[in-house]
Amino acid sequence: MQFMLLFSRQGKLRLQKWYVPLSDKEKKKITRELVQTVLARKPKMCSFLEWRDLKIVYKRYASLYFCCAIEDQDNELITLEIIHRYVELLDKYFGSVCELDIIFNFEKAYFILDEFLLGGEVQETSKKNVLKAIEQADLLQENQNEDWGGLSDDIL
Amino acid sequence: MVLPSLKLPELIQEIRGAKTQAQEREVIQKECAHIRAAFREGDAPQRHRQLAKLLYVHMLGYPAHFGQMECLKLIASPRFTDKRVGYLGAMLLLDERQDAHLLITNSIKNDLSQGTQPVQGLALCTLSTMGSAEMCRDLANEVERLLLRPSPYIRKKAVLAAVHMIRKVPELSDIFLPPCTQLLRERHHGILIGTITLITELCERSPAALPHFRQVVPQLVQILRILVMSGYSAEHSVAGISDPFLQVKILRLLRILGRNHEESSEAMNDMLAQVATNTDTSRNAGNAVLYETVLTIVDIPSASGLRVLAVNILGRFLLNSDKNIRYVALTSLLQLVQSDHSAVQRHRPTVVECLKDPDASLSRRALELSLALVNSSNIRSMTQELQGFLESCPADLRADCASGILLAAERFAPTKRWHIDTIMQVLTTAGAHVRDDAVANLTQLIGGAEELHAYSVCQLYNALAADISQQPLVQVAAWCIGEYGDLLLSGSCEEAEPLQVQEEEVLTLLEKVLQSHLSLPATRGYALTALMKLSTRIQGDNNRIRQIVSIYGSCLDIELQQRAVEYNALFRKYDHMRPAILEKMPLVEHGGPQDDEAGEGKEEPWNPNRESQSPTKTPTANLLDLLDLLNGASGDAQPPPALDLTPGGSLLHLLDLPSTTPSLAPIPGLKVFDREGLQINLSFVRPPEIPALLLITATASNTSKSDVTHFVCQAAVPKSFQLQLQIPSGDTVPAQGGPPITQVLRVLNPNKAPLRMRLKLTYNHFGQSVQEIFEVKDFPPDTWQ
């Protein structure tokens, strides 16, 4: 995967994860163009489109568009599954996730993504394991904040 | 500080509350000022909060570069909270182009070697997201060590970090290749999927790794088997499929290893067949696995039965109600249409159905695939379907569809008439979108199908009468009506319904085309020339045509003006040549050179074709010579050439046709002598190359009962002339209309003086010798003017 973008129906960016090195200017340009292209799609159209030399896989969940850019040899259908898995993780974590959760807790959205994908590839296929890792990290953060004693090292 | 610094949630609220862009900017600028101040003050406990705010603002598109150093400080902090936000900041704000990014290498190194697992996780994640080549080189050994740590949490991340490192620094493959075999024995799905990704990356980058990893094909097959056979696992199942993510990765690696390698392919054939037949296809997860399986089967040298199975799976996908599945099916079938043509052909009806899909990306794929599936046996039905599609398809597909149909028609047309009909239909439906050479192709096609001339012109006339807006169609129709107007008017078409067309109707239609603002200049040219050609094809008078032609003599368009002026000249001065010039076109050679003749214009396929042996060509070629002379003589075609009419009012015959056939000579002959059955007749020819020359042929004929013998003719002319007598054909004219004597006299009359001649005849007739001297005075004016 080259990048993943989350944006609202008004085109506001809610999360951007880039797995390829690009300048800020280039990222902005790509984001702007892609958001426009995807928002212009009619509801009944299929989830795949060709854009520049990439394949774009997108899906709308409530008011948020999840949009991934994959390479020519990647499997579009499994990318849809990847997107769905991520939404499930968010849902489990936030409890019936909605766009506001992602707006006000954007760092958490990133942390969850980083436990599921690494360098653009799937690192953990077990939902349980991903959520456990986040939980432990959250606990660690809390404990440190409250000046508790060190927690055990092992997460899994 | 005027206003206290906001907490992150408050900041977000305020930004969202802003009613205008300007208001939002104000809030953000104020807050950024606080953040900058806080960074300067070096408030350690709050630093992560400030950075978090900055990261939010950055996502909205505002500059945040002043936070880069803070990321470094946070990463270096011992607190987990700080590190979490710091590393996130590094991934968002630092990339390889920033000089600062190298500074975190040390922190990452420390965290990798000494940190707790969560911290190591953060470090590995950051490295895999934004690690530059230099960083990767520096940290490769650390990552390698982590591959062997007991914790799966760390190992699965380390493996994917290695993938990133190899992408950045391919030489590092050497370090990361050896551990793979062992890692493959793991049971942890996270480690497995990471390892398979790593092996895939190694094989794709270096073909030398392929033989090494082909050895693990049996192992991979085994892992796949366990997955497929295993029952439901709460942890890894998605819609009844065991870990589809892992299955897809394995299948892709098998594809790479099996490509061009018989042995490996054989080892995986059974498993592929099993996955292909047993995977549940009711949900997307299953279809994703099936799709990857199909891709693998067709890319490796698999058994033909398996290949057919794969194509059939794609065919089933085409019937799936899920658009996405139909899309990937069409894409894959398009790639297979060359290699497995007959297998794909079986699904042609379904593909054609997909043309009707409202989704543009699907119908585009369906169009490409349909065009690839056309062959000689299905050409008629496929063309019908494609024509139907052409009528309703979105604008951006029209050009491709139209040219696709025309190409297919050219390759597989069963009959010429079908071909002409098809092209006509395409031009009617999508005329504006066809390629430029469609007009030329169609005229050539029609020109070559002589038996279809009448049919073509009738059809085209009808089409033109219905609609004059489709330019290519109008151009072809105009050309045809011009060429075959006589066939159109005679209503001689047997193949279609008999058509009664009046001359006036045809002229009106062409005039309409000429005047319409829809017509391109080229189209107008066609129409004008067609009108001109009709002047020789119609029975009625030419007044209307002459009117039109003369009007356009002052048209602003230079091309039309030139044509009109030339045609005008044809009417006025060279009317006798008009029929020959406007004769039907000889058959144009396909792809032969198209010469421009006498400025007739680019679109007119006049083809002198000097190499051709057809006897009708000679007068044409000569006529074209005459035309050259015509243009040469009249200089610029722009101002109409001055007409000099003789006072007598008859048309001046400046040029005459060469006398290959004497009947063409327009100058009347003269009988100069008639006595007792012996007649002398003079006939005259003025060769065009030499205006001052007159060739007289004297013919002596004998209708009497007695022969004429020892016949000698002598002639004399006034001093301003030059006379040359050529040898007579004989000196005897036998009785009763025997073969006459002919003799040619050449007279040069440079001054164009009235011709006078004295003749002296000596001969024997009826047993007596005769001598006669007389003057010939009443020569026809054409002989000397």
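This section reports on the structure supplied with the text. Along each chain, residues carry numbers from 1 onward, in the same order as the chain's sequence is written. Both sets of labels track the order of writing: A upward for chains, 1 upward for ligands. Confidence filtering applies because this is a predicted model: local features only for residues at pLDDT of at least 70, side-chain atom pairs given and counted only at 80 or more, and all residues used for totals across whole chains, interfaces and linings. Water and hydrogen atoms play no part in the side-chain values, which are based on all heavy atoms of the structure.

A word on the interface of chain A and chain B
Okay, step 1: At the junction of the two partners, chain A supplies 65 residues and chain B supplies 68 residues.
Okay, step 2: Here's the idea: put two parts together, see how much 1.4 Å probe accessible area each one loses, and the total over both is what we call buried area. When chain A packs against chain B, the two sides together hide about 6000 Å² of surface, and 56% of this comes from carbon and sulfur.
Okay, step 3: Ranking the residues of chain A by area buried against chain B places A:L77, A:L118 and A:T125 at the top, with a combined share of 11%.
Okay, step 4: We define a salt bridge as a side-chain nitrogen of Lys or Arg found within 4 Å of a carboxyl oxygen belonging to Asp or Glu. For the pair chain A and chain B, the interface holds eight salt bridges.
Okay, step 5: Residue B:K156 is joined to A:E124 by a salt bridge in which the shortest nitrogen-to-oxygen separation is 2.7 Å.
Okay, step 6: Here a polar contact is recorded for every N or O atom pair within 3.5 Å, except that within protein the pair must consist of a potential hydrogen donor and a potential acceptor, and residues adjacent in sequence are included only if both atoms are side-chain atoms. Between the two partners, chain A and chain B, sit 22 residue pairs in polar contact (both at pLDDT 80 or more). We call two residues in contact when some of their heavy atoms are within 4.5 Å.

Focus on the packing of aromatic side chains
Residues and elements named next belong to chain B.
Okay, step 1: Aromatic pairing here means that ring centres of Phe, Tyr or Trp (its six-membered ring) are within 6.5 Å. Orientation follows from the plane angle: under 30 degrees is stacked, over 60 is edge-to-face, and everything else is tilted. Enumeration over the complete set of coordinates arrives at 12 aromatic pairs over all chains.
Okay, step 2: Summarising the aromatic geometry, the rings of F673 and F774 are spaced 5.5 Å apart at their centres and angled 10 degrees between planes, so their arrangement reads as stacked. Of this pair, F673 sits in strand β3 (residues 670–675) while F774 sits in strand β10 (residues 768–776), and the two are 101 residues apart along the sequence.
Okay, step 3: On the basis of relative accessible area, F673 is assigned to the buried category, the value being 7%. Working definition: helices are DSSP H or I runs of at least four residues, strands are E runs of at least two. Numbering for both runs from the N terminus. Burial classes follow relative accessibility: with a 1.4 Å probe on protein chains only, a residue under 20% of its type's maximum area counts as buried, one over 50% as exposed, and anything between as partly exposed.

Some remarks on the state of the cysteines
Okay, step 1: In this description, a disulfide is simply a cysteine sulfur pair whose atoms lie within 2.5 Å. Tallied over the entire structure, the rule returns zero disulfides over all chains.
Okay, step 2: Not part of a disulfide, B:C354 finds its nearest cysteine sulfur in A:C46, a span of 12 Å.
Okay, step 3: A relative accessible area of 5% means that B:C354 is categorised as buried.

Focus: the sheet that holds strand β2 (residues 13–18) of chain A
All names here are of chain A.
Okay, step 1: Strands are labelled as partners when DSSP assigns at least two bridges between them. Across the sheet, which stays open at both edges, the five strands sit in the order β2-β1-β5-β4-β3 with antiparallel pairing between neighbours. For this open sheet the edge positions go to β2 and β3 (48–51), each flanked by a neighbour on one side alone. Sheet twist, expressed as the mean angle between neighbouring strand axes with direction ignored, is 20 degrees. Axis geometry follows a simple rule: fit a line to the C-alpha atoms, using only the stretch in contact for helices, then measure angles between N-to-C directions, giving values from 0 to 180 degrees.

Quick look at the pattern of salt bridges
Okay, step 1: This structure, assessed with the given rule, holds 41 salt bridges over all chains.
Okay, step 2: Between B:E504 and B:R544 there is a salt bridge whose closest N-O contact spans 2.6 Å. With B:E504 in helix α29 (residues 503–515) and B:R544 in helix α31 (residues 543–551), the pair connects residues that are 40 residues apart, well separated along the chain.
Okay, step 3: On the basis of relative accessibility, which here comes to 47%, the residue B:E504 falls in the partly exposed class.
Okay, step 4: A salt bridge links B:R563 to B:E559; the nearest nitrogen and oxygen atoms lie 2.8 Å apart. Taken as a pair, B:R563 and B:E559 lie in helix α32 (residues 558–572) at a separation of four residues, close to a single helical turn.
Okay, step 5: We classify B:R563 as buried; its relative accessible area is 3%.
Okay, step 6: Linked by salt bridges that have partners in common, A:E121, B:R167, B:E201, B:R205 and B:K249 make up one network.

Remarks on the sheet that holds β3(B)
Residues and elements named next belong to chain B.
Okay, step 1: Strand order in the open sheet formed by five strands is β3-β4-β5-β8-β7, with antiparallel pairing between adjacent strands. If you trace the sheet from one side to the other, it starts and ends with β3 and β7 (722–725), each paired once. Here the average twist between neighbouring strands, direction ignored, is 20 degrees.
Okay, step 2: Across eight bridges, the pairing between strand β4 (residues 678–685) and strand β5 (residues 693–702) is antiparallel. From the neighbouring strand, N681 faces β5, where its bridge partner is T699.

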